[in-house]
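One letter stands for each residue in the lines below.
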Amino acid sequence: MRLKVALVTTSFFLFGAVFLANEWLFNSARFEFVRGVNWIYLPAGMRLLCTLLFGGPGAIGILCASWLTCVFYFFPDDPVRSFAGGIASAAAPYLVYKLAQYIYGLRSSLANLTAGRLLFLAACYSIASPSLHHAWLLLRGEPVGPGYFVMILGDLLGTLVIIYTAKVLLWLLPLRAASVRP
């Protein structure tokens, strides 16, 4: 149980840190299509990464962090939209994680997750997340405009940046460990 709580907490704080970094780096008219829809959205990548690494506990951490950002940042005057936005934010990467388990027999070690498979999952996630968010908007009778396609692109770019940055960092770890051995 302690491990699961630690994984939820780690996902919560990783997402929060990347969300703040994204706001610092890309919160300008050049990078934001409309509020909440960015041309590059790094937190999308952290959602997928935490869920692939930690499974259900990762998705729960993302859910809690997403609710927090929705309630206090994106939609402070719309608690229903905040609640639904948090669910869509956590459900999309979790569904892609379950898809990877089904299609690829994804193991917890991620050993069988090749670069090509990772790219496929990033693309699936980048479509699933905006689709869930916009399905909610359609159910509420709100129009879906070009923001849907911008969200797909922003989620894909942000996911690729995070996922492949993590992959490079993991690749560098053995090199660093080898260089400090006596």
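See above for the structure.
Nothing here was measured: the structure is a model prediction, and the numbers come from that model.

A. The pattern of salt bridges, seen in detail. Following the criterion strictly, the structure yields three salt bridges and no others. With a closest N to O distance of 3.8 Å, E142 and R81 form a salt bridge. Here the residue E142 occupies a position in the loop between α5 (115-139) and α6 (147-180), and R81 occupies one in helix α4 (residues 79-104), the gap between them amounting to 61 residues. The shortest N-O distance in the salt bridge between R140 and E142 comes to 3.6 Å. The exposure class assigned to E142 is partly exposed, which follows from its relative accessible area of 25%. Here the salt bridges share partners, and the residues they tie into one network are D78, R81, R140 and E142.

B. Examining the layout of surface pockets more closely. Of the pockets and cavities examined, the second largest pocket occupies roughly 320 Å³. If you go around the second largest pocket, the residues you meet are L49, L52, L53, L110, L113, L118, I163, A166, K167, L169, L170 and L173. Of all the elements in the fold, those that place two or more residues in the lining of the second largest pocket are α2 (42-54) and α6. A per-element tally of the lining of the second largest pocket places α6 first, with six residues. Tallied by class, the residues present in the lining of the second largest pocket amount to 11 nonpolar, no polar and one charged.

C. Structural detail: the nonpolar core. With 32 residues, the main nonpolar core has F15, M46, L48, L52, L106, L113 and L121 as its most contacted residues. Counting only elements with at least two residues in this core, the list comes to α1 (2-26), α2, α3 (56-74), α4, α5 and α6. Tallying contributions element by element places α2 first for this core, with seven residues. Setting aside residues no more than four positions away along its own chain, L52 makes contact with Y97, L106, L110, L113, L118 and L121.

The rules we used
- Residues numbered from 1 in each chain as written.
- Predicted model: local features only at pLDDT ≥ 70, side-chain atom pairs only at ≥ 80, totals over all residues.
- Heavy atoms only, no water.
- Salt bridge = Lys/Arg side-chain N within 4 Å of Asp/Glu carboxyl O.
- Helix = DSSP H or I, 4+ residues; strand = E, 2+ residues; numbered from the N terminus.
- Buried < 20%, exposed > 50% of the residue type's maximum accessible area, 1.4 Å probe, protein only.
- 1 Å grid on protein atoms, 1.4 Å probe; cavity = no way out; pocket = protein on both sides within 12 Å on 5 of 7 lines; lining within 4 Å.
- Points joined across faces, edges and corners; volume = space filled by probe spheres on them.
- Nonpolar A, V, L, I, M, F, W, Y, C, P; charged D, E, K, R; others polar.
- Core = buried A, V, L, I, M, F, W, Y, C linked by side-chain atoms within 4.5 Å.
- Contact = heavy atoms within 4.5 Å.

On their own, these measurements won't tell you what the molecule is for.
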